[in-house]
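Fold and contact review
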Amino acid sequence: ESLGFFSGGWPKRSVLLTQLHDSDRMLLDTSGESEGRRDFDMDKFFSHLTTRRLGNVVIYNHSLSSTQELMMTRLKSEAEGILCVSDVQTSGRGRGENRWTSPKGCLCFSFSTGLEEARLLPFFQYVVSIAMYQAISEVGGGDAKAFGVQLKWPNDIYGSKSQKIGGVLCQSTVSSPQHKKLSGHSYRVVAGVGVNTLNSEPTTCVRDLVDQSSLKVNAQRVSRELLLAAFCNHFEQLEEEFSSQGFRGLKDLYLHAWMHSGQRVQVQVEDKSETPITVEIVGISPSGFLSAVDDKGNVIELHPDGNSLNMLQGLIYMKR
């Protein structure tokens, strides 16, 4: 089955069509008249989209194994700003070997962009997370904290301190000569996001969180289309600042949204061969990882891929 190929404007569509790889033309229905089941309202999405690039072209199918897998391995075009959306994912991806369950009502999407500086790559997932936090705030009509929404380091979105409602996955590769020529970027980045938007199970969702808050009057306007458009609008503005000035100007936005400021956790060697130490989380380190201070004032930097994290239980296991 061909994947739907939608655009908010024909000029942008025609430019992208010239950049498609021959194998992409076989994968995508570029006629503009894609048929088949579609639970995502493209007209509603495009009517709320104000970006110059991100989201102006959408690849869609009702059910995909993984939007991230399609963007990373099956789509040969490396044009930036392409958005891939699915109503249901059967094998959604999370960090490491984790899988993300994506039932009906979940907003599932991936998009492509690029960066010039390698030092910015560790921060990219934080920029995506900020954009989604701001999008939830906009759709809900107030600061997302009023709905109980917070960011859990390094890449999770929680609707309360015990209920995960979403996550972010960012993958980067060195740009091919084609991508470098088209974009001027040395690294291609594909970001995937999944957010429980309308599905009350298996945990809770954005609509329910808004409905249970003092801003419940806004619950009925929550939709996947509005949330995705708001995300794209916010992300493009954040990305522009991030690319030119780094994460410094966005750091306070991230720390406002996360749940860890002042949290005390125990850091223990995974095999428990050493006595655990207690540290206080103080923020994000200059290299983009978790920064903590022990009782003696020593600064400790913790990397998500080098440690087993149980932040909700206040435990971090250091792998050796």
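Residues numbered from 1 in each chain as written. Predicted model: local features only at pLDDT ≥ 70, side-chain atom pairs only at ≥ 80, totals over all residues. Heavy atoms only, no water.

**A closer look at the overall build of the protein**
Note the threshold: Each helix corresponds to a stretch of at least 4 residues labelled H or I by DSSP, and each strand to a stretch of at least 2 residues labelled E; elements are numbered beginning at the N terminus. Only protein chains enter the accessibility calculation, which uses a 1.4 Å probe. A residue is then buried if its area is under 20% of the maximum for its type, exposed if over 50%, and partly exposed in between. Exposure was quantified through the Shrake-Rupley algorithm and a 1.4 Å probe, taking into account, for residues, occlusion by the shown protein chains and nothing else.
The helix and strand inventory of the protein stands at nine helices and 16 strands. With 320 residues in all, the protein has 55% of them scored as buried. Element-wise, carbon and sulfur atoms account for 47% of the exposed surface of the protein, whose accessible area totals about 14,400 Å².

**Re unusual backbone geometry**
Cis geometry marks the peptide bond from Trp153 to Pro154, where omega comes out at 5°. Its location among the elements puts Pro154 in the loop between strand 7 (150-152) and strand 8 (156-160). The omega angle of the peptide bond from Glu201 to Pro202 is 10°, so this bond is cis rather than trans. Assignment of secondary structure puts Pro202 in the loop between strand 10 (187-196) and helix 7 (206-211).

**Regarding the pairing of strand 6 (residues 106-115)**
Keep this limit in mind: The criterion for strand pairing is that DSSP finds at least two bridges linking the strands in question.
With ten of ten residues buried, strand 6 is to be regarded as a mostly interior element. Residue alternation in strand 6 divides its side chains into two sets, Cys106, Cys108, Ser110, Ser112 and Gly114 and Leu107, Phe109, Phe111, Thr113 and Leu115, and both sets are buried. The pairing of strand 6 with strand 10 spans ten bridges and is classified as antiparallel. Residue pairing in the sheet places Phe111 in a bridge with Ala191 of strand 10.

**Examining the nonpolar core**
This is how the line gets drawn: Joining through side-chain atoms within 4.5 Å is the link that ties buried Ala, Val, Leu, Ile, Met, Phe, Trp, Tyr and Cys residues into a set, and such a set is a nonpolar core. A contact between two residues is defined here by any heavy atoms of the two lying within 4.5 Å.
Of all hydrophobic cores here, the largest spans 70 residues; its most connected members are Phe45, Phe109, Met132, Phe231 and Tyr254. Residues contacting Met132, with those up to four places away along its chain left out, are Leu107, Phe109, Ile157, Val193, Val195, Leu227 and Phe231.

**Remarks on the confidence of the model for the protein**
Condition: Along the chain, pLDDT gives the predictor's confidence residue by residue, from 0 to 100.
A residue-level look at the protein finds 79% of positions with pLDDT of 70 or above and a mean pLDDT of 84. By mean pLDDT, helix 2 (residues 22-27) is the weakest element of the protein at 55, and helix 5 (residues 124-140) is the strongest at 98.

**Some words on the packing of helix 5 against helix 8 (residues 224-245)**
Where we set the bar: Only the stretch in contact is used when a helix axis is fitted, and all axes are lines through C-alpha atoms; the angle between N-to-C directions ranges over 0 to 180 degrees. The labels follow the angle: roughly parallel below 35 degrees, roughly antiparallel above 145, roughly perpendicular from 65 to 115, and oblique for the rest. Each crossing is labelled by how the near helix is turned from the far one, with a counterclockwise turn of less than a right angle marking it left-handed and a clockwise turn marking it right-handed. Following the grouping adopted for this structure description, the nonpolar residues are Ala, Val, Leu, Ile, Met, Phe, Trp, Tyr, Cys and Pro, the charged ones are Asp, Glu, Lys and Arg, and the polar ones are all others, Gly among them.
In the contact formed by helix 5 and helix 8, the axes pass within 8 Å of each other and the chain directions differ by 135°. In this view, helix 5 runs oblique relative to helix 8, as classed from their interaxial angle. Taken as a pair, helix 5 and helix 8 cross one another with a handedness that is right-handed. Contacts from Phe124, Val127, Val128, Ile130, Ala131, Met132, Gln134, Ala135, Ile136, Glu138 and Val139 in helix 5 reach Leu226, Leu227, Ala230, Phe231, His234, Phe235, Leu238, Glu239 and Phe242 in helix 8. Classifying every residue of the contact of helix 5 with helix 8 by side-chain character gives 16 nonpolar, two polar and two charged.

**A closer look at the environment of Val265**
Position of Val265 among the secondary structure elements: in strand 11 (residues 264-269). In the structure, Val265 is positioned 14 residues away from Val279 in sequence and 5.6 Å away in space, judged by C-alpha atoms.

**Section: the packing of aromatic side chains**
For the record, the criterion: Stacked, edge-to-face and tilted are the three classes for Phe, Tyr and Trp ring pairs, Trp counted by its six-membered ring, which pair at centre distances within 6.5 Å; planes under 30 degrees apart are stacked, over 60 edge-to-face, the rest tilted.
Tallying each qualifying case throughout the model produces 15 aromatic pairs. Ring centres of Phe40 and Phe45 lie 5.9 Å apart, and the angle between their planes is 55°; on these two criteria the pair is classed as tilted. Between Tyr126 and Phe247, the ring centres sit 5.8 Å apart and the planes meet at 50°, which makes this aromatic pair tilted. In this pair, Tyr126 sits in helix 5 while Phe247 sits in the loop between helix 8 and helix 9 (251-257), placing the two residues 121 residues apart along the sequence. Each member of the pair Tyr126 and Phe247 is classed as buried. Within the aromatic cluster, the residues linked to one another by ring pairs are Phe109, Phe111, Phe124, Phe231, Phe235 and Phe242.

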